[in-house]
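Inside the fold
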Amino acid sequence: MNYHVYLFEMKSIQAYITRTGRLRDLTNLSDLLDSIIDEENQASVLESVITAIDPDKELKFIRRGGGAIHLYSANREKVLRFRSVWTLLFSQLVPGMTYTDCMTEVRDEKDNLSKDLSDAFIKLNSSINAPSVSLPYATAIVQASSRTGLADVLVSGDANISKSERDDTDLSTLRTSYPLRYLRKNLYLKFLKGNGGEDKNEALANSFKNRFDLLINELDNGNSDDASRDIAYVHFDGNSVGKTIIGLRNSISNYSLSQQAGILKAFSEVITKSTTEAVSEALMYIYKDFAFEKDFIFRPLVLGGDDVTLLIEPRYALPFCQKYCGLFEQKTKKAIKAFTSDNNVCIGVEKLTASGGILFNKINHPAINTHQIVEQLAEKAKYLTKHPENPEDISPSAVAFFRLSTTSSDSLDTIFKRGRVFTVEKNRQINVGDGCYYIDKHKSKTRTDVESFIALLEAIRDSQKEKQTSVVSKFRAMLTCIAQGSMYEADRIYRNLMEKQHINKNLKERISVFFGSVNKWYYETGENGESYRSPIADLIVMAHYMDQGDGACDTQNQPD
């Protein structure tokens, strides 16, 4: 029997929601995109299309969520009708959003099904390069928006958030219609799912939403205090999830189409459920520890499949990521065990891990620059997990973080080389903080983990509270010496600090655990130890955020 398969995937979701540079547009678009395909939302746009087109339930889904729709049916006309209606409606709701789609016929026969499905996914991936015809927005000559380059139009009063007479036509339409969509709590509820009853989650969602909306309104009104406020942009996704899905698909290639669809849909649900539960529990873990913090800021942006993106108060970002990665591993391990047992399949891994990036910057920085850098930080973390030190099939979880005090369009490598890499005596180079760490304890001799990093930070904080020695100010003095090319002078400052009689004993112990010796504050890298790496710049940045509330740390002149 022959079936007709339709594949649809959104592309560059994060780039789309950050393209305007405005925080209000970013949050509005994230809400809108989440409402389009969300499988759990019976009021989603996709659900409305299915109800209207397929009352007989002839469309069978392989995947639905995470910005993707994979379905099949023996009824060609119904699949074709769905494709026509869906793409038209999608283009109207999110004009300018890039997507790929294809429709193909597969033969549900043992010798042909696997090849036909593989060809369908190849066709899907290549469709993004196919030329498309689009109608002009207005006349042959159209003024371009200065920020996005798209067609420029007069802005209505409802859409005007920038006090400008003209703006991008796509954004003007979205801003005008957005207040009518009632979407502002949906993502909050999704991130908080599983933490008590619906009433409790509703109250929490309202609390977080109102707090963040107040901040956005202050920014729009030009409040200089809020404009200089730092925020953490966090982005995480699973390690080698795509590779795992391809392996699963290959292992069940001899199954019928309906069997394959059921198994792949079940595995997609495993990933989605594990991610949602891990995010929810990690957030509540952080929130309950700081329940009386009235300025606790949290704003969800993307939660689909294994992707997690959110804004959060800077001092909670690293603990949240540590907790989330641990929970994600636990949830996927338990779910994969049940999945393989129920479906009698092997996917080659017993659990999944996640890696990502955290960018600390000013809340009024252009969102598009923020997105580009946090994506590069996530890639940096993923590169660490593929290091030769990690021969295991399961990559460890990792995180990379950085603080950017001024907006920049430079690449992350350029920014790092400019502010974190210096040449010292004997023409050797030292990296004073690349912000890249394993989440869990690791066997690496030159790379530590977040748990040890946070423990050292807490020891520094306790030492600062004693008001006997400002450890952070000494680290800053060392950083100044290194920038001037003197590793010797930086080492002298450190040794004098450690020789003080009243130095906190716990701090010495944590330094010994962190570096292997209390006399060391850096690692030797390179084949013959010809270069160095030290986390002192990372420690200064995170100490600034950890003790932002009680002012225990001296936080002037933070490194970029």
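Data block above holds the structure.
Description of the structure in this document. (Residues numbered from 1 in each chain as written. Predicted model: local features only at pLDDT ≥ 70, side-chain atom pairs only at ≥ 80, totals over all residues. Heavy atoms only, no water.)

Remarks on the packing of aromatic side chains
Counting across every chain of the model gives 27 aromatic pairs. Note on Phe 90 and Tyr 99: the rings are 5.5 Å apart at their centroids and 85 degrees apart in plane angle, and the pair reads as edge-to-face. A relative accessible area of 1% means that Phe 90 is categorised as buried. For Tyr 99, a relative accessible area of 26% gives the class partly exposed. Considering the side-chain rings of Tyr 494 and Trp 521, the 6.4 Å spacing of their centres and the 45 degrees angle between planes classify their relative orientation as tilted. A residue pair is termed long-range when its members are at least 10 positions apart, and Tyr 494 in helix H17 (residues 487–499) and Trp 521 in the loop between helix H18 (505–515) and strand E15 (523–525) qualify at 27 residues. Exposure remark for Trp 521: the relative accessible area of 1% places this residue in the buried category. Clustering of aromatic rings is evident, with ring pairs tying together Tyr 6, Phe 8, Phe 82, Trp 86, Phe 90 and Tyr 99. Over the ring of Tyr 285 we find Lys 323; its NZ or CZ atom is 4.5 Å from the centre of that ring. (Phe/Tyr/Trp six-rings, centres within 6.5 Å; stacked < 30°, edge-to-face > 60°. Buried < 20%, exposed > 50% of the residue type's maximum accessible area, 1.4 Å probe, protein only. Helix = DSSP H or I, 4+ residues; strand = E, 2+ residues; numbered from the N terminus. Lys NZ or Arg CZ within 6 Å of the ring centre and 35° of its normal.)

Brief notes about the sheet that holds strand E16 (residues 531–533)
Taking strand neighbours across the sheet as the criterion, the four strands line up as E12-E13-E16-E15 in an open arrangement whose pairing is mixed. At either end of the open sheet lies a strand with only one pairing partner, and these are strand E12 (421–424) and E15. If you compare each strand with its neighbour and ignore which way they point, the axes differ by 30 degrees on average. Bridge count for strand E13 (residues 428–431) against E16 is two bridges, and the pairing is parallel. Within the sheet, the bridge partner assigned to Asn 431 lies in E16 and is Arg 533. (Pairing = 2+ DSSP bridges. Axes fitted to C-alpha atoms, helices over the stretch in contact; angles between N-to-C directions.)

Description of the sheet that holds strand E8 (residues 298–304)
One open sheet accounts for six strands, arranged E8-E9-E7-E10-E11-E14; its pairing is mixed. With one partner strand each, in any of the chains shown, E8 and strand E14 (436–438) form the two edges of the open sheet. The average angle at which neighbouring strand axes cross in this sheet is 15 degrees, direction not considered. Examined bridge by bridge, strand E11 (residues 398–404) and E14 share three bridges and lie antiparallel to one another. Following the sheet pairing, Ala 398 is matched in E14 by Tyr 438. Each of strand E7 (230–238), strand E10 (354–362), E11 and E14 touches helix H13 (residues 367–385); the most contacted strand, E10, lies at about 145 degrees to it. (Contact = heavy atoms within 4.5 Å.)

Some thoughts on the packing of H13 against helix H14 (residues 412–419)
At their nearest, the axes of H13 and H14 sit 9 Å apart, and the two run at 80 degrees to each other. Regarding the angle of H13 to H14, the classification is roughly perpendicular. Counted together, Ile 373, Gln 376, Leu 377 and Lys 380 of H13 and Leu 412, Asp 413, Ile 415 and Phe 416 of H14 form the full contact between these two elements. Looking at the contact of H13 with H14 residue by residue, the classes come out as five nonpolar, one polar and two charged. (Parallel < 35°, antiparallel > 145°, perpendicular 65-115°, else oblique. Nonpolar A, V, L, I, M, F, W, Y, C, P; charged D, E, K, R; others polar.)

Re the nonpolar core
Residues Phe 82, Trp 86, Tyr 324, Ile 358 and Trp 521 are the most contacted members of the largest nonpolar core, which totals 162 residues. Here this core gets 14 residues from one element, more than from any other, and that element is helix H11 (residues 257–289). When residues no more than four places from it in sequence are discounted, the contact partners of Trp 86 are Tyr 6, Phe 8, Ile 36, Ile 37, Val 45, Leu 46, Val 49 and Ile 69. (Core = buried A, V, L, I, M, F, W, Y, C linked by side-chain atoms within 4.5 Å.)

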